[in-house]
Amino acid sequence: MNHIRQTLAPGMYLVATPIGAARDITLRTLDILASADVIAAEDTRSLRKLMDIHAIALEGRPLVAYHDHNGARVRPRLMEALEAGKSVVYASEAGTPMVADPGFDLARAAIAEGHGLISAPGPSAVITALTLSGLPTDRFLFAGFLPNTKTARKTALRSLAGVPATLAFYESPKRAAAMLRDAASVLGGERQGAVCRELTKKFEEVLRGSLDELAENLAQSPRKGEMVVLIDRAGERSVNLSDIEQALAEVMDDMSVRDAADSVSHDLGLKRRDVYQIALRMGADSK
């Protein structure tokens, strides 16, 4: 037994479930699953299997399916349980609730009606992929699933082209090669990326390279399994000297030269060394 039965305070509990390896579940999540009055899950069969692996019995507690197709119908039932002072746990199919997951409306409803909302952190495919990608992780944008059609997908990619952050997407294996071709076309084929699939599972694989290389790889050798596609941030922006000086002037009264250079280089996506030299000159000129 790896869990502890306890009396939970009333409220909605969000628990993260493994994205592959069953033992990636947290001890706190096991405690909550063993103790909640009502259990809701995106896929009740998957959750029941996970509970069986960890020897957690339902013991007469309701196990309710809650997903995209029945949310409007089932949500009032779960709200009634909260209103009655019960503890309700919601588990997504794999990973952390609210991340590309139907639990969003459920959580918002709990908040709107004044019920407690408690999260038990755990596995997340996008975070796992970021740690394996070899791409910068200090700033990233999770953009979920791109549109299915080529035109809409390219439009969405254009809107993200200049974002100074690593881009992260969920993608199906059937569309991955086409998505990477479109990304190469819109963002530049030399831009670096990574494809992470079957994370934490037996056939886990991480492909790294330029978007052109990745697109060709998947076109020539299609893969199975859900994927996370990551794309490196945009290259350095073309910024005028006057723009840099203006940005530095706005912060140098409140920051040291070093901190001002750090802030402006980060915001403008420029090399810190170059911005620092400009800041030093401006500081000397003001004396």
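Our subject is the structure listed above.
Overview of the structure. Model, not experiment: these values are computed from the prediction.

1. Looking at the pattern of salt bridges
Close approach of charged atoms lets side chains of opposite charge pair.
For step 1, the next point in the chain: Summed over all chains, the structure comprises 11 salt bridges.
For step 2, the next point in the chain: Across the pair Arg223 and Glu205 runs a salt bridge whose closest N-O atoms are separated by 3.0 Å. Residue Arg223 is found in the loop between helix 8 (211-220) and strand 10 (227-231), and its partner Glu205 is found in strand 9 (residues 205-210); the two are separated by 18 residues along the sequence.
For step 3, the next point in the chain: A residue is classified by how much of its surface remains accessible, and Arg223, at 16% relative accessible area, is buried.
For step 4, the next point in the chain: The partner of Glu245 in a salt bridge is Arg281, and the shortest N-O contact between them spans 2.7 Å. Of the two residues, Glu245 is situated in helix 9 (residues 241-252) and Arg281 in helix 11 (residues 272-285); the sequence distance between them amounts to 36 residues.
For step 5, the next point in the chain: Classification of Arg281 as partly exposed rests on a relative accessible area of 35%.
For step 6, the next point in the chain: The structure contains a network of salt bridges with shared partners spanning Arg197, Glu205 and Arg223.

2. As for the environment of Val99
For step 1, the next point in the chain: Within the secondary structure, Val99 sits in the loop between strand 4 (87-91) and helix 4 (104-112).
For step 2, the next point in the chain: By relative accessible area, which is 29% here, Val99 ends up partly exposed.
For step 3, the next point in the chain: Between the C-alpha atoms of Val99 and Ala57, which are 42 residues apart in sequence, the distance is 27 Å.
For step 4, the next point in the chain: Setting aside anything within four residues of it in sequence, one finds Val99 in contact with Phe142 and Tyr170.

3. Some words on unusual backbone geometry
With the exception of glycine, most residues fall at negative phi, and the peptide bonds are largely trans.
For step 1, the next point in the chain: A positive phi angle, close to 50°, is found at Glu198, a residue other than glycine.
For step 2, the next point in the chain: You can see Glu198 is positioned in the loop between strand 8 (192-197) and strand 9.
For step 3, the next point in the chain: A residue is classified by how much of its surface remains accessible, and Glu198, at 18% relative accessible area, is buried.
For step 4, the next point in the chain: Even without glycine at this site, Thr200 takes up a positive phi of about 70°.
For step 5, the next point in the chain: Mapped onto the elements, Thr200 comes out in the loop between strand 8 and strand 9.

What counts, and at which threshold
- Residues numbered from 1 in each chain as written.
- Predicted model: local features only at pLDDT ≥ 70, side-chain atom pairs only at ≥ 80, totals over all residues.
- Heavy atoms only, no water.
- Salt bridge = Lys/Arg side-chain N within 4 Å of Asp/Glu carboxyl O.
- Helix = DSSP H or I, 4+ residues; strand = E, 2+ residues; numbered from the N terminus.
- Buried < 20%, exposed > 50% of the residue type's maximum accessible area, 1.4 Å probe, protein only.
- Contact = heavy atoms within 4.5 Å.

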